[in-house]
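Geometric and topological summary
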Amino acid sequence: MTSSKLIVANHKMNMTSMDINQYLKKIKKEINVENVIICPTSIYIPYFLKHIFKVGIQNVFYENKGAYTGEISPRQAKSMEIDYAIVGHSERRNYFLETNQEINKKVRLCLKNNLEVILCIGETKEEKRNRKTEQVLEQELLENLEGVKEFENIIIAYEPIWAIGSKKTPTMKEIELSIRFIKQIMKKYYHVDNIPVIYGGSVSEENVQEIATIPKLDGVLVGGASIKEEFINIAKTILKVDKNEQNSTNIPKTR
Ligand code: PGA
């Protein structure tokens, strides 16, 4: 079974190998879809390969090889049959001081190595308060994607930084407006129609139904809730909404 909406799980630095065994057993049984992308902590990636869902890496370095202790390159990730890389997550920008220029180098090297990029962008609380959300999104899209020519392998994750791990989300209207804005910018500067834009930031089983029905939304990125049982319900809800949307677009409209 497949769905047109993406469901990305970002495990961050959570779970031990014992937890992973249990987790994997559950999701293998319950989540039988291709559009789920699991991004485990890197050392556990091998456990997640060769299942129906896809696998992503939470970060990569911006060189393909060399003396960079502790880093993993896009080429190495691809050689493990990893298909996706999260790039520019706000925790990387914040704790590891990644700049827009470094993120741009990472994006470009991933694309060169045929890794699909999930590029995270979003505003801080203060930027939101000062009504700078659009300005921030535009600047990040311009700097992070500078020089990129091929966009088929790019997914944008709109992740307001203040919503991550806070149990707070923007209103559905605000998410919709930001998604539309991102798509407009991609069209204006890069001439790309319909780039997939997903939402991340405190997605849970309580709010996913509402989030999934936001117009033009192409999926969700789930952090904290992705390591819990709740993730199964989140994925099922997305699939249900998706199926309903597909059915309703197939019904000929009566005049
Ligand atoms: P959260 O994390 O779902 O725990 O808010 C989302 C993210 O960091 O991508």
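Let me begin by describing the structure that accompanies this report. (Residues numbered from 1 in each chain as written. Predicted model: local features only at pLDDT ≥ 70, side-chain atom pairs only at ≥ 80, totals over all residues. Heavy atoms only, no water.)

1. So, the pairing of strand β4 (residues 84-87)
With burial as the criterion, each face of β4 is covered, one bearing Y84 and I86 and the other bearing A85 and V87. In the sheet, strand β3 (residues 54-57) pairs with β4 via two bridges, with the strands oriented parallel. Bridge pairing links G56 to Y84 in β4. For the segment spanning β3, helix α3 (residues 74-79) and β4, crossover handedness is right-handed. Sheet analysis places β4 next to strand β5 (residues 116-121), joined by four bridges and oriented parallel. Paired with V87 across the two strands is L119, which belongs to β5. (Buried < 20%, exposed > 50% of the residue type's maximum accessible area, 1.4 Å probe, protein only. Helix = DSSP H or I, 4+ residues; strand = E, 2+ residues; numbered from the N terminus. Pairing = 2+ DSSP bridges. Right-handed = clockwise from strand over helix to strand, strands pointing away.)

2. Some points on unusual backbone geometry
One non-glycine residue, K12, adopts positive backbone phi at about 55°. Along the polypeptide, K12 turns up in the loop between β1 (6-10) and α1 (17-30).

3. Some points on the packing of helix α5 (residues 100-112) against helix α7 (residues 133-144)
Contact geometry for α5 and α7: axes closest at 8 Å, N-to-C directions at 50°. Here α5 is positioned oblique relative to α7, judged by the angle of their axes. From α5, N100, Q101, I103, N104 and V107 reach across to α7, where they touch E140, E143 and N144. Taken together, the residues of the contact of α5 with α7 break down into two nonpolar, four polar and two charged. (Axes fitted to C-alpha atoms, helices over the stretch in contact; angles between N-to-C directions. Parallel < 35°, antiparallel > 145°, perpendicular 65-115°, else oblique. Contact = heavy atoms within 4.5 Å. Nonpolar A, V, L, I, M, F, W, Y, C, P; charged D, E, K, R; others polar.)

4. Focus on α5
Compared with the 18 Å implied by 1.5 Å per residue over 13 residues, the 18 Å span of α5 between its first and last C-alpha is a close match. All of the buried residues in α5 are N100, I103, N104, K106, V107, L109, C110 and L111. Structurally, α5 contributes buried residues whose contacts are with α3, β4, α4 (90-95), β5, α7 and β6 (154-158). Looking one or two residues beyond α5, the residue adopting positive phi is N114, at roughly 60°. (Expected span 1.5 Å × (residues − 1).)

5. A word on the nonpolar core
Grouped together as the largest cluster of nonpolar side chains are 69 residues, with contacts concentrated most on I27, F48, V107, L145, I154, I156 and F231. Here this core takes eight residues from helix α8 (residues 172-190), the largest share from any one element. Residues within four places of F231 in sequence aside, it is in contact with I7, A9, Y23, I27, I31, V36, I38, V222, A225 and S226. Membership of the second largest hydrophobic core comes to twelve residues, among which are C39, I86, I118 and L221. (Core = buried A, V, L, I, M, F, W, Y, C linked by side-chain atoms within 4.5 Å.)

6. Details of the packing of aromatic side chains
In the structure shown here, the tally under the stated rule is seven aromatic pairs. An aromatic cluster of three or more residues is present, and its members are Y23, F48 and F53. Directly above the aromatic system of F96 lies the positively charged group of R92, at a separation of 4.1 Å from the ring centroid. The lysine or arginine in question, K105, covers the ring of Y62, its NZ or CZ lying 4.1 Å from the ring centre. (Phe/Tyr/Trp six-rings, centres within 6.5 Å; stacked < 30°, edge-to-face > 60°. Lys NZ or Arg CZ within 6 Å of the ring centre and 35° of its normal.)

7. Here's the deal with α8
Working note: α-helix, 3.6 residues per turn, so residues spaced by three or four point in the same direction. Relative to the 27 Å expected for 19 residues at 1.5 Å per residue, α8 spans 27 Å between its end C-alpha atoms, a close match to the ideal helical length. Residues M172, I175, E176, S178, I179, F181, I182, K183, I185, M186 and Y190 constitute the buried set of α8. Each element contacted by the buried residues of α8 is listed here: β5, α7, β6, β7 (197-200) and α9 (208-212). One or two positions beyond α8, positive phi appears at H191, with a value near 60°.

8. With respect to the site of the ligand
Surveying the vicinity of the ligand reveals 14 residues, the closest of which are K12, H89, E159, G165 and S202. Contacts to the ligand include S202, whose backbone N or O atom sits 2.7 Å from an oxygen atom. In this structure, G223 approaches the ligand through a main-chain N or O atom, which is 2.9 Å from an oxygen atom. Coverage of the ligand by the protein amounts to 95% of the 280 Å² it exposes when considered alone. (Near = heavy atom within 4 Å. Polar contact = N/O pair within 3.5 Å; in protein donor to acceptor, adjacent residues only side chain to side chain. Areas by Shrake-Rupley, 256 points an atom, 1.4 Å probe, with all protein chains shown as cover.)

9. As for empty space enclosed by the protein
This structure, assessed with the given rule, holds one cavity of 30 Å³ or more. Of the volumes computed, that of the largest cavity is approximately 50 Å³. Lining the largest cavity are G88, S90, R93, C120, I121, G122, E140, E159, I161 and I164. Where the lining of the largest cavity is concerned, the elements lending two or more residues are α4 and β5. Here the residues of the lining of the largest cavity sort into four nonpolar, three polar and three charged. (1 Å grid on protein atoms, 1.4 Å probe; cavity = no way out; pocket = protein on both sides within 12 Å on 5 of 7 lines; lining within 4 Å. Points joined across faces, edges and corners; volume = space filled by probe spheres on them.)

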